[in-house]
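Okay, here's what each chain looks like letter by letter:
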Amino acid sequence: MKVRFAPSPTGKLHVGNVITALRNWLFVRQHGGTFLLRIDDTDTARSTKAYEDGIRTDLTWLGLTWDEEARQSARFDVYDKARDKLIAMGLLYPCYETAEELDRKRKIALSRKLPPIYDRAALSLSEAEKAAYEAEGRKPHWRFKLSGKRVAWQDLIRGEQTVDTASMSDPVLIRADGAYLYTLPSVVDDVDLGVTHVIRGEDHVTNTGAQAEIFEALTGGTRPEFGHFPLLVGADGETLSKRIGSLSVESLRESGVAPLAVLSLMARIGTSDPIEAVDSLDALIAGFDFAKIGRAPARFDPEDVRRLDAQLLQHASYEVMKPRLSALNCDLGEAFWLAVRGNLSRFDDVTQWADVVRGPITPKIEDGGFIATAADLLPAGPYDENSWSGFTEAVKASTGAKGKALFMPLRQALTGQDHGPEMKLMFMLIGYEKAAARLAGQVA
Ligand code: GLU
C-alpha cells in the first residue's frame, strides 16, 4: 500500500491540507505501507523553496513522518514521455483558441441554454489550419480527449460513484506556455511511483473522472483506489472564510497549541466520533476508519483547537510538557506543573501561575485585621503536604472563620487571585518567605 500527500509549495500549509495529510497518514499507518510526500512544484513561477521547507517543518511538528519523497519539477522528462504517448494514442490534441475566444464560445453556449463545455473544434483542424495558427505566432495548449462515457468507481468514502465525462470539457493538460497543469503529472507520478490509494477532498471528484481515463490510457487499464472526503466549512456552514481557511499550521504552532490538539480535531471533524482530545498518534491510528467519515461538510471552528488543547493540557505529563514550559520560561519543576495543569484553559495561562509562584505579585487584601492575624500564625518553612491544613486550622481556631470566609482572603493575599490551583499545592510552591511577605502586604 502506498499513499501520497501532494501539496504545492505555493503557500503555507493550512488546516485544509492537514486533514488531507492526516487521513492519508492514518490510513497507511493503520494498514502498513508507504507515505509519500510529493512536492507538486510544476508551477515553477509560484513555487518557492521557503514554502517547501515550511511544509517539511509543519509535517515534522505534527508528527506526520514520511517514508519517501518526490519532487515534480525533477520529473519533467517522465511527463514528456507520457505526453508523447498520449499524443501518439490520439488522446492529447493541440488547441489554438485564445482565452477570449473560449470565453465567447462559453457565453454563446450559455445563451442557447447549452452546457458551456468545450466544443472540440480543434479536433477537426486540418494540418494547414494548424500551420496557419503557428505562423501567426500562436502556441497550442493541449487537451485530453475524454471518452464521453460514464466513469465509475467504488469510492472508499462515498461508495459507488459515477462521473459522466460527456458533461465535461476535455481538460487542458498542458498550457500554451508549455507548463504542465496538475492533472497529468499527478497521474503519471501515481502510476510511476506505485500509489495504490488516492485520498483527497471532494473538490477532486470531477478530476477523478478525467484522471481515471488518463490512468487507463497510460496503464492499459489499472488505476488506484479513490476516496474523497467532504471539505471543511466554517462554523456557520458557509465555505471557510479566507482568514480561517488559510489558518496556517505555522500560526497554530506559534500560538503554542499542542500538535495533538490540531490532529485530534482534524481526525475527528466530520466523523461520527465526538470531537475530543486524543493523547497519542497510536490512538488516532487505531480509531481511524473511512466508514466513520460522514457525507456532510465538516464544520471547522478554530475554538475547538483551543478546547482540545486545554483537554490535553489537563492530563499532560511533566516530561511531555517540559520543552513547552521551558520555551515560555516557566519550567518550575514537576510539582508546579502537576499543581497548575488542571487550571489552564490555554497553555499561555501557565505564565500567570509561574508568576504567582516566583513573584513578585501584589497581594489582594480586603480585611487587613484578618490577614494580620493569619500572618502571626504562619508556620515556618519548609512546607509539606500538611502545612496548608495546619495553617488554616490555626487561623480558623483563632478567628472563627470557616469555609469561603476563611479560604478566600488567604488565597487572595497569597496569590493575588480569587481562583486558582489547589492552595495546598500552591502554598508549598510559594514557600515561607514569599507567604510571609505577601501576608504583610508586600509586593513579593
Ligand atoms: N497538488 C494537488 C493539490 O494540492 C494534489 C491534489 C491530489 O491530491 O491529487 O490540489
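Now for a look at the structure at hand. (Residues numbered from 1 in each chain as written. Predicted model: local features only at pLDDT ≥ 70, side-chain atom pairs only at ≥ 80, totals over all residues. Heavy atoms only, no water.)

## Details of the pairing of strand E5 (residues 141–144)
Residues His141 and Arg143 point to one face of E5 and Trp142 and Phe144 to the other, with burial holding for every one of them. Relative to E5, strand E4 (residues 92–95) runs antiparallel, the two sharing 4 bridges. Opposite tyrosine 93, over in E5, you have arginine 143 as the bridge partner. For E5 and strand E8 (residues 172–174), the ladder comprises 2 bridges, and the chain directions are antiparallel. Bridge pairing in E8 places arginine 143 opposite valine 172. (Buried < 20%, exposed > 50% of the residue type's maximum accessible area, 1.4 Å probe, protein only. Helix = DSSP H or I, 4+ residues; strand = E, 2+ residues; numbered from the N terminus. Pairing = 2+ DSSP bridges.)

## Observations concerning the sheet that holds E5
Reading across the sheet, the 3 strands line up as E4-E5-E8 and stay open at both edges, with antiparallel pairing between neighbours. If you trace the sheet from one side to the other, it starts and ends with E4 and E8, each paired once. Across this sheet, the average inter-strand angle for adjacent strands is 45°, counted without regard to direction. (Axes fitted to C-alpha atoms, helices over the stretch in contact; angles between N-to-C directions.)

## Digging into the pattern of salt bridges
The final tally for this structure, using the stated rule, is 38 salt bridges. Measuring nitrogen to oxygen at the nearest pair gives 3.2 Å for the salt bridge that ties arginine 38 to aspartate 190. Here aspartate 190 lies in helix H6 (residues 183–192) and arginine 38 lies in strand E2 (residues 34–39), a separation of 152 residues in the sequence. The exposure classification of arginine 38 matches that of aspartate 190, with both residues buried. With a shortest N-O distance of 2.5 Å, glutamate 69 and arginine 56 are connected by a salt bridge. One end of the pair, glutamate 69, is in strand E3 (residues 68–71); the other, arginine 56, is in helix H2 (residues 49–62), and 13 residues separate them in sequence. (Salt bridge = Lys/Arg side-chain N within 4 Å of Asp/Glu carboxyl O.)

## Topic: the site of the ligand
Around the ligand, the neighbouring residues are Arg4, Ala6, Ser8, Asp40, Tyr182, Ser186, Arg200 and His204. The separation between a nitrogen atom of the ligand and a polar side-chain atom of aspartate 40 is 2.6 Å. Between an oxygen atom of the ligand and a side-chain N or O atom of tyrosine 182, the distance comes to 2.8 Å. Starting from 300 Å² of accessible surface for the ligand in isolation, the protein chains cover 77%. Residues belonging to the shell around the ligand are distributed by class as follows: 2 nonpolar, 3 polar and 3 charged. (Near = heavy atom within 4 Å. Polar contact = N/O pair within 3.5 Å; in protein donor to acceptor, adjacent residues only side chain to side chain. Areas by Shrake-Rupley, 256 points an atom, 1.4 Å probe, with all protein chains shown as cover. Nonpolar A, V, L, I, M, F, W, Y, C, P; charged D, E, K, R; others polar.)

## As for unusual backbone geometry
Here glycine 359 and proline 360 are connected by a cis peptide whose omega angle stands at -5°. Along the chain, the position of proline 360 falls in the loop between helix H15 (350–358) and helix H16 (368–377). That bond from glycine 381 to proline 382 is cis: its omega, -10°, falls within 30 degrees of zero. With phi around 60°, lysine 113 is a residue other than glycine that occupies positive phi space. Tracing the backbone shows lysine 113 in the loop between helix H4 (99–111) and helix H5 (127–135). The class of lysine 113 is exposed, set by a relative accessible area of 77%. Its identity as a non-glycine residue notwithstanding, asparagine 329 has a phi of 60°, on the positive side. Among the structural elements, asparagine 329 can be located in the loop between helix H13 (318–327) and helix H14 (334–340).

## Comments concerning the packing of helix H17 (residues 387–399) against helix H19 (residues 423–439)
H19 packs onto H17 with a crossing angle of 55° between their chain directions and a minimal axis gap of 9 Å. Compared by their axis directions, H17 and H19 come out oblique. Between H17 and H19, the residues in contact are Ser387, Trp388 and Phe391 and Met423, Lys424, Phe427 and Leu439, respectively. Taken together, the residues that form the contact of H17 with H19 break down as 5 nonpolar, 1 polar and 1 charged. (Parallel < 35°, antiparallel > 145°, perpendicular 65-115°, else oblique. Contact = heavy atoms within 4.5 Å.)

## Considerations on the side chain of threonine 271
Assignment of secondary structure puts threonine 271 in the loop between helix H10 (259–268) and helix H11 (281–287). A polar side-chain atom of threonine 271 sits 2.7 Å from the main-chain carbonyl oxygen of arginine 268. Excluding residues within four positions of it along the chain, threonine 271 makes contact with Arg23, Lys292, Ile293 and Gly294.

## Section: the nonpolar core
By size, the foremost hydrophobic cluster in this structure holds 46 residues, and its most contacted members are Leu26, Leu59, Leu64, Leu232, Val262, Met266 and Phe300. It is helix H1 (residues 15–31) that contributes the most residues to this core, 9 residues altogether. With near-sequence residues (within four places) excluded, leucine 232 lies in contact with Val15, Gly16, Ile19, Leu240, Met266, Ile269, Ala298 and Phe300. Counting 36 residues, the second largest nonpolar core, distinct from the first, contains Ala339, Trp353, Phe370 and Ala435. (Core = buried A, V, L, I, M, F, W, Y, C linked by side-chain atoms within 4.5 Å.)

## What about the environment of histidine 14?
Of note, histidine 14 is situated in the loop between strand E1 (2–5) and H1. Along the sequence, histidine 14 and serine 251 sit 237 residues apart, while their C-alpha atoms lie 9.1 Å from each other. At a separation of 3.0 Å, a polar atom in the side chain of histidine 14 contacts the main-chain amide nitrogen of glycine 16.

## Here's the deal with H2
Taking 1.5 Å of rise per residue, 14 residues should cover 20 Å, and H2 covers 20 Å from first to last C-alpha, within 8% of that figure. Within H2, burial applies to Glu52, Ile55, Arg56, Asp58, Leu59 and Leu62. One side of H2 carries all its buried residues, which in axial view fall inside an arc of 165°. Turned more than 90 degrees from where H2 packs its buried face, Lys49, Ala50 and Thr60 sit exposed. (Expected span 1.5 Å × (residues − 1). Arc of directions from axis to C-beta.)

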